[in-house]
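# Architecture at a glance
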Amino acid sequence: MDIARTSPVARARRASSPVRFGFYHLFWIFVICSVVGLVAETVASYPVDGVWKDRAGLVWGPFSPIYGVGGVLMTLALGRFSNAPAPVLFAAAALVGGAFEWAAGWFFENAFGIVAWNYIDEPFNIGGHTCLGISLVWGAAGLAWAKLALPPIVRALDRVPARLRALPTAAACAFLAIDVALTLGAFECWFQRQAGEQPETPLERAFEAHFGDAFMEGRFQTMSLYADLARRR
């Protein structure tokens, strides 16, 4: 059997219908984009920063979930336009990417007072969370993703026998779920400490011991936390 011909991308192209992916594909697309996005941003930012900065988005592992979620959203959104002309794919990617970046920036600022990026000085920005220029970058990245990167990634994933997919996918999913939960808890406790609140519960003291201020500042070097920015203050 020609596996490449049975992939979601190949089937949709033959049927001239939107591409539909299952959990297996979307999960590993999230993982791949989280890692590749982190590496790409780290390398691309070095000439600007002059130093290597840890740009990880989770307390464990080389993951930046912003890129992971962005990759999944691009896959789902552009899959509906799999047979559309390149300008349509570009526009859809720009809209989805810009909207997602705005939503992510708004959430982190209002929930935890965290500022991980700021486009306030850029023209046509929306609250500093996104701007026209970065939306165009999302458009180009989405077009390249749909046309160049996604098809070979899907073919590679399809070459894994079905009987070998469940265990590693479940294990990786469980690990990332714990990683995300710990990261959100660490952000919450970091916020509380910056707001002047002392750890009281055993859980809060455990987070302080393992994910204290020094750890958070070293791990999330491109993030700044300002407790007064959070809407709940």
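The structure reproduced in this document is the subject of the present report. (Residues numbered from 1 in each chain as written. Predicted model: local features only at pLDDT ≥ 70, side-chain atom pairs only at ≥ 80, totals over all residues. Heavy atoms only, no water.)

By the definition in use, this model includes 14 aromatic pairs. Note on tryptophan 60 and phenylalanine 175: the rings are 6.0 Å apart at their centroids and 25° apart in plane angle, and the pair reads as stacked. A residue pair is termed long-range when its members are at least 10 positions apart, and tryptophan 60 in the loop between α2 (23–49) and α3 (65–79) and phenylalanine 175 in helix α6 (residues 166–194) qualify at 115 residues. Ring geometry for phenylalanine 100 versus tryptophan 138: centroids 6.4 Å apart, planes at 85°, classification edge-to-face. Taken together, the residues phenylalanine 100 in helix α4 (residues 86–112) and tryptophan 138 in helix α5 (residues 132–158) connect sequence positions 38 residues apart. Pair check on accessibility: phenylalanine 100 and tryptophan 138 agree, each one buried. Grouped by ring-pair contacts, the aromatic residues Phe107, Phe108, Phe112, Phe187 and Phe220 constitute a single cluster. (Phe/Tyr/Trp six-rings, centres within 6.5 Å; stacked < 30°, edge-to-face > 60°. Helix = DSSP H or I, 4+ residues; strand = E, 2+ residues; numbered from the N terminus. Buried < 20%, exposed > 50% of the residue type's maximum accessible area, 1.4 Å probe, protein only.)

Of all hydrophobic cores here, the largest spans 31 residues; its most connected members are Ile29, Val31, Met74, Leu78, Trp145, Leu150 and Leu176. At the level of secondary structure, the elements contributing two or more residues to this core comprise α2, α3, α4, α5 and α6. Element by element, the count of residues in this core is highest for α5, at eight residues. With sequence-adjacent residues up to four places away left out, methionine 74 is seen in contact with Gly79, Ala93, Gly97, Trp138, Gly142 and Trp145. If you look at the next biggest cluster of nonpolar residues, it comprises 19 residues, including Ala186, Met216, Phe220 and Ala230. (Core = buried A, V, L, I, M, F, W, Y, C linked by side-chain atoms within 4.5 Å. Contact = heavy atoms within 4.5 Å.)

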